[in-house]
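Spelled out from the first residue to the last, the chains are:
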Amino acid sequence: MSEVKLAADVRSSFGKGAARSIRRENKVPGVIYGHGTEPVHVTLPGHDLLLALRTPNVLLSLDLGGKTELAIPKAVQRDAIKGYLVHVDLLLVKKGEKVTVEVAVETEGDLAPGSFLVENVLNTLSVETEATHIPTSVTVSIAGLEAGAAILAKDIALPSGTTLATDPEAVVIQILAAQAEEPAADAEAEGAEA
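Conventions we followed
Residues numbered from 1 in each chain as written. Predicted model: local features only at pLDDT ≥ 70, side-chain atom pairs only at ≥ 80, totals over all residues. Heavy atoms only, no water. Helix = DSSP H or I, 4+ residues; strand = E, 2+ residues; numbered from the N terminus. Buried < 20%, exposed > 50% of the residue type's maximum accessible area, 1.4 Å probe, protein only. Contact = heavy atoms within 4.5 Å. Areas by Shrake-Rupley, 256 points an atom, 1.4 Å probe, with all protein chains shown as cover. Lys, Arg positive; Asp, Glu negative; His and termini not counted. Charge placed at Lys NZ, Arg CZ, Asp CG, Glu CD. Arc of directions from axis to C-beta. Pairing = 2+ DSSP bridges. Axes fitted to C-alpha atoms, helices over the stretch in contact; angles between N-to-C directions. Salt bridge = Lys/Arg side-chain N within 4 Å of Asp/Glu carboxyl O. Core = buried A, V, L, I, M, F, W, Y, C linked by side-chain atoms within 4.5 Å.

*Asks:* Describe the overall build of the chain, with residues and values.
*Replies:* The helix and strand tally for the chain stands at three helices and 13 strands. When the backbone C-alpha atoms are referred to their principal axes, the chain occupies close to 80 × 45 × 25 Å. With 194 residues in all, the chain has 32% of them scored as buried. Restricting to contacts in the chain with at least 6 residues of sequence separation, those with at least 24 account for 64%. Accessible surface, the chain: about 11,400 Å² in total, of which carbon and sulfur atoms supply 50%. Computing the positive centroid from 16 side-chain charges and the negative centroid from 27, the chain places the two 20 Å apart.

Here you go:
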């Protein structure tokens, strides 16, 4: 798990006009909340935040006027067309605290010989883990699997200190047989004979 340090400025101006003004300065408006505290409205450096958010479940170390707070991204809003950051919600966390996050599921290995397809029913798993040790992903081996095989959430090995929050019986990956289509020429010949 990577920890990224960012400087955050507390802001006192709100509304659409203030947010646009902040974004013109290549900064992102945001709010930090959690632990029963009042929400703190902040301004974050746009480019540095964008780079930090490329890491799933990144832990942000925020410098708020000399006071350091740890936070994880809870909601990120992007412009639908241009993709720039519009707003970010950050959840305060403490070392040793457990949080529930979504972790990407990755596959490794080759299927058994034949025409089989891998269907990722779930692309992420909901897990509970320590806020300072959030795994970036979990890896599942599909080596040698054939059609009809399924991997359930409870079958996936999780890193130590991480527990499953998703339904244990949920299908994460299933293997399907590839369906072959009839060649178009054969179908037309059969239609002419009838």
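*Asks:* Tell me about helix α1 (residues 16-24), residues and numbers included.
*Replies:* If you check which residues of α1 are buried, you get Ala-18, Ala-19 and Ile-22. Down the axis of α1, the sector holding all buried residues measures 100 degrees, keeping them to one side. Opposite the buried face of α1, by more than 90 degrees, sit the exposed residues Lys-16 and Arg-24. Its buried side turned inward, α1 meets β2 (27-34) and β3 (37-45). Looking one or two places after α1, you find Asn-26, whose phi comes out positive at around 60 degrees.

*Asks:* I'd love a proper account of the pairing of strand β1 (residues 3-10), names of residues and values included.
*Replies:* Across six bridges, β1 lies against strand β4 (residues 59-64) in parallel orientation. Paired with Leu-6 across the strands is Leu-62, a residue of β4.

*Asks:* Describe the sheet that holds strand β8 (residues 116-120), with residues and values.
*Replies:* With antiparallel pairing, three strands are arranged side by side in an open sheet as β8-β13-β11. Sheet topology places β8 and β11 (150-152) at the edges, where each strand pairs with a single neighbour. Taken over all neighbouring pairs, the strand axes of this sheet differ in orientation by 10 degrees on average, direction set aside. Summarising the sheet, β8 and strand β13 (residues 171-177) pair through five bridges and their orientation is antiparallel. Following the sheet pairing, Glu-119 is matched in β13 by Gln-174.

*Asks:* Describe in detail the pairing of β2, supporting the description with residues and values.
*Replies:* With six of eight residues buried, β2 lies mostly within the body of the structure. Two strands pair when backbone bridges link them, and β2 and β3 are joined in this way by seven bridges, in the antiparallel orientation. In the strand pairing of β3, Val-28 is matched with Leu-44. Linkage of β2 to β3, two consecutive antiparallel strands, is achieved through a turn of two residues, within which His-35 is found at a positive phi near 60 degrees.

*Asks:* Run through the pattern of salt bridges, naming residues and quoting values.
*Replies:* Opposite charge on two side chains allows them to pair when their charged atoms are near. By the definition in use, this model includes three salt bridges. Glu-169 is paired through a salt bridge with Lys-154; the nearest N and O atoms lie 2.9 Å apart. One end of the pair, Glu-169, is in the loop between β12 (163-164) and β13; the other, Lys-154, is in the loop between β11 and β12, with 15 residues separating them in the sequence. For Lys-154, a relative accessible area of 46% puts it in the partly exposed group.

*Asks:* Explain the nonpolar core residue by residue, including any values.
*Replies:* When a protein is soluble and globular, its nonpolar side chains tend to lie buried together. Judged by nonpolar contacts, the single largest core of 21 residues is most densely connected at Leu-125 and Ile-173. At the level of secondary structure, the elements contributing two or more residues to this core comprise β5 (67-78), β7 (98-108), β9 (124-130), β10 (137-141) and β13. The element contributing the most residues to this core is β7, with four residues. The contacts of Leu-125, once residues within four sequence positions are left out, are Val-101, Glu-102, Val-103, Val-105, Val-138, Ala-153, Ile-156, Leu-164, Thr-166 and Val-172. Residues Ala-8, Val-58, Leu-60 and Ala-71 belong to the second largest nonpolar core, which totals 18 residues.

*Asks:* Let's hear about the sheet that holds β2: which residues, and what values?
*Replies:* Taken together, six strands build a closed barrel; the order of strands is β1-β3-β2-β6-β5-β4 and the barrel is mixed. Pairs of neighbouring strands in the sheet enclose a mean axial angle of 45 degrees, with direction left out of account. Along the sheet face, α1 touches β2, β3 and β6 (85-93) and points at about 120 degrees away from the line of β2.

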